[in-house]
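# Report on the structure
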Amino acid sequence: MPDLLNADKVRVRFRTSGLVQTLMKGLDDPFIDAVMHVSFSLQAGETFGLVGESGSGKTTLGRAIIGLVQAQEGSIKFQGDELIGLKDKQYKEFRREIAMMFQDPIASLSPRKTVRYSITEPFRIHGVTGKDLGEEARRLLRLVGLHEGFMGAYPHQLSGGQARRVGVARALALEPKVIIADEPTAGLDVSVQGEILNLMNRLQREMGLSYLIITHNLPVVRHVSDRLAIMYLGRFVETGTTKEIFERPAHPYTLGLLAAVPEPDPDKRRDKLELEGEIPSLMNRPKGCEFHTRCPFAQAKCLAEAPEYKEVSPGHWASCHFPFPDPADAKAVGIRAMPETGSAPKVDDKALHAGSRDRF
Amino acid sequence: MSTTDNDPVLDIRDLSVSFNTARGSLCALRHVDITVPQNKIVGIVGESGCGKSTLINSVLRLLSPNSEVNAESEVIFQGDDVMKMDNASLQGLRGQRISMIFQDPMTALNPVISIGQQMVDVLYRQDLNKAQKRERAAEMLSQVGIPDPMRRLDDYPHQFSGGMRQRICIAMALMMNPALLIADEPTTALDVTLEAQIIHLMKELREKFECSMLFVSHNLGLIAELCDEVIVMYAGEVIEQGEVHDLFHRAQHPYTQMLLECDPARIAETRRDLPTITGSVPDLVDLPKGCIFSPRCPKRYAPCDETPPGTYDVNDVHSARCFKVRDA
């Protein structure tokens, strides 16, 4: 059986300067690579998390799958059908099967349309006839736990959590197989965040949905996703099962991300900073390993040679010359898995990479 | 001013603020008592609609015209009651003695004025010439970790990344050496790695500038990381406050306990079904008769629905507004 969704070496490029400017400035390449040769697959009923900082290309990848931006290379297959290169009209068919929840729940609803209109719009766009739209709107609202009174409400009358539910309802209207959720919990309070995630989880169980969750919230993704990909500068730097990545992160960037999440316990304060600097510009990608500018373990080899994306353990891939073999090593340099589990960190010096460790 | 070293920088006593709305009087803050001691960071935790913004705006007297502050309310800042200040004194207060870091560094800076000019503008009352002011601005930028500050003064906000912009906002807030710095969700718009960097910076600067801080956030992790004292607000009331370790390890109010349980970062075992707080925040126009949290409280008993609880001490450094503490 083919994968429900399969992406193979997807590359998305954006033009940065026009033809004339390119010639005048003598640029060899007026493009930036927002997504670089990314491959993954999504099975039915599975949740896949895409994690990275802003500018890592995670949203662009999501948008490329649904055809909102054009991927230039590679292939994206949905149930075996190629999506890249389709005309808008042909794409429309697939957008019934792949729905998207956009980042800002209130901004993604038209301010002049009622909730009833917004959530039944997919039926109009796709020309679904023979349905009582009022009845459908009520059904969808019930599904996401909102009462009928919201039918006539406008987006400004909704709270963040309610607007998010409306977003879920709209995504579900045409009974898709895949939902791409871009930052589904951004801007929500912790208690409401749990409600939205539980709702998504319930719908997944009842309807057999697959989710692609795009987020930078690691504590959330740890609970909801089956597999994870960590993105940096448009590339996957690490993929694997969520459990594996949280327990045995292999890439220093993943370690840095995990360490950056503050623990809600005043006894576990960090006095040192793990990841310094900011994500480099896509126009000026670092040579060698692209993470070396921020990597506390970078060595001569990292500056010269790009690491291969290789399997460090079954199903767990990372692109690092010196992947961490064991979580104990991570702990020894002051980085903890999250939240702290197991025994006290044991310091094992020989397994560590020598060099700039003292920056930690 | 008649302040001594031990007086708190900010002392809010019995602050009640309501807004006149078409539906009636909306009680946004009710009997709030908050103290910010010198050189301490006080964190305020609460969900949307708990009155955090109203509280900050009351301290700076920036409330909207339809607001009404209860006559009993006092906001004592360094010995002066902000509620009784005239406009001239308020001007001297805002930005100089109290300054603020806003949530979104993208909109807090003026996009068409160079950051150097914006920083120099903050010093308009200072008796310095232009070159000296620029130098002071550059010095502040280097304090917050912006490389090559003298050259970057002529850059515009769009030439900086989000994290850098928040650093600039922090530099601007500290330029007048304020006695109190209010940070309103300063890292919400940033990535986790930048968030960690900004928090790290705030810790460093706190040692250097010796100012007190009121840190507003809904991120419990950040509060635990940075603050000395914590105030938990719910629907316009302070429902629990205490020293940070005491509060995180021995939370007494059911709301605080549930808030801590809800945080996915605190749940050690992975689980699909996350805990939530059922129900929603009460309507502040039509308040419940008893405890404000009782409609959602799993531990409520007889007195909770009858009368609002007072504030009861758990120990010297910790108190909560819950009958269970009184009856314990």
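Structure shown above.
Heads up: these notes are all about the structure in this document. (Residues numbered from 1 in each chain as written. Chains lettered and ligands numbered in written order. Predicted model: local features only at pLDDT ≥ 70, side-chain atom pairs only at ≥ 80, totals over all residues.)

Tallying secondary structure elements over chain A gives 12 helices and 12 strands in all. When the 360 residues of chain A are sorted by exposure, 44% land in the buried category. For chain A, long-range pairs separated by at least 24 residues make up 66% of all intrachain contacts whose partners lie at least 6 apart in sequence. (Helix = DSSP H or I, 4+ residues; strand = E, 2+ residues; numbered from the N terminus. Buried ≥ 20, exposed ≤ 12 C-beta atoms within 10 Å, placed from the backbone. Contact = placed C-beta atoms within 7 Å.)

When helices and strands are counted, chain B shows 12 helices and 13 strands. In summary, chain B has a C-alpha radius of gyration of 21 Å against a globular reference of 20 Å for 328 residues, a match within 12%. By its C-alpha atoms, chain B is 70 × 50 × 45 Å across when sized along the principal axes. Expressed as a percentage of its 328 residues, the buried residues of chain B come to 46%. Excluding contacts between residues fewer than 6 apart, the proportion of contacts in chain B whose partners are at least 24 apart in sequence is 64%. (Rg over C-alpha atoms; globule rule 2.2 N^0.38 Å.)

What follows is about the interface of chain B and chain A. Many descriptions give the size of an interface as the accessible area lost when the pieces come together. The partner chain A presents 35 residues to the 38 residues of chain B that form the contact. If you list the elements that add at least two residues to the side of chain B that touches chain A, you get α8 (192–209), α9 (220–226), α10 (244–249) and α11 (254–262) of chain B. Ranked by residues supplied to the side of chain B that touches chain A, first place goes to α8(B) with 7 residues. Looking at side-chain class alone, the side of chain B that touches chain A contains 18 nonpolar, 11 polar and 9 charged residues. (Nonpolar A, V, L, I, M, F, W, Y, C, P; charged D, E, K, R; others polar.)

With that settled, the discussion passes to the sheet that holds strand β7 (residues 98–101) of chain B. Residues and elements named next belong to chain B. Strand order in the open sheet formed by 8 strands is β7-β8-β9-β3-β10-β11-β13-β12, and the pairing between neighbours is mixed. In this open sheet, the two edge strands, each paired with only one partner strand, are β7 and β12 (312–315). The mean inter-strand angle of the sheet, taken between neighbouring strand axes irrespective of direction, is 20°. The sheet contact formed by β7 and strand β8 (residues 180–184) spans 4 bridges and is parallel. In the strand pairing of β8, M100 is matched with I182. Strands β7 and β8 of the sheet are contacted by helix α7 (residues 162–174), whose axis makes an angle of about 175° with β7. (Pairing = 2+ DSSP bridges. Axes fitted to C-alpha atoms, helices over the stretch in contact; angles between N-to-C directions.)

Before going further, it helps to examine the sheet that holds strand β2 (residues 31–42) of chain A. All names here are of chain A. The antiparallel open sheet is built from 4 strands, whose spatial order is β2-β1-β4-β5. Edge strands, defined here as strands with exactly one partner in the open sheet, are β2 and β5 (81–82). Bridge analysis of strand β1 (residues 5–15) against strand β4 (residues 73–78) gives 5 bridges, and the strand direction is antiparallel. Across the sheet, the residue bridging to A7 is I76, located in β4.

Further remarks concern the pairing of strand β7 (residues 178–182) of chain A. Residue and element names in this part refer to chain A. With respect to burial, β7 is a largely interior element, 5 of its 5 residues being buried. Bridge count for strand β6 (residues 98–101) against β7 is 4 bridges, and the pairing is parallel. Across the sheet, I98 pairs through a bridge with V178, a residue of β7. For β7 and strand β8 (residues 210–215), the ladder comprises 5 bridges, and the chain directions are parallel. Across the sheet, the residue bridging to I179 is Y211, located in β8. For the handedness criterion, the β-α-β arrangement of β7, helix α7 (residues 190–207) and β8 is classed as right-handed. (Right-handed = clockwise from strand over helix to strand, strands pointing away.)

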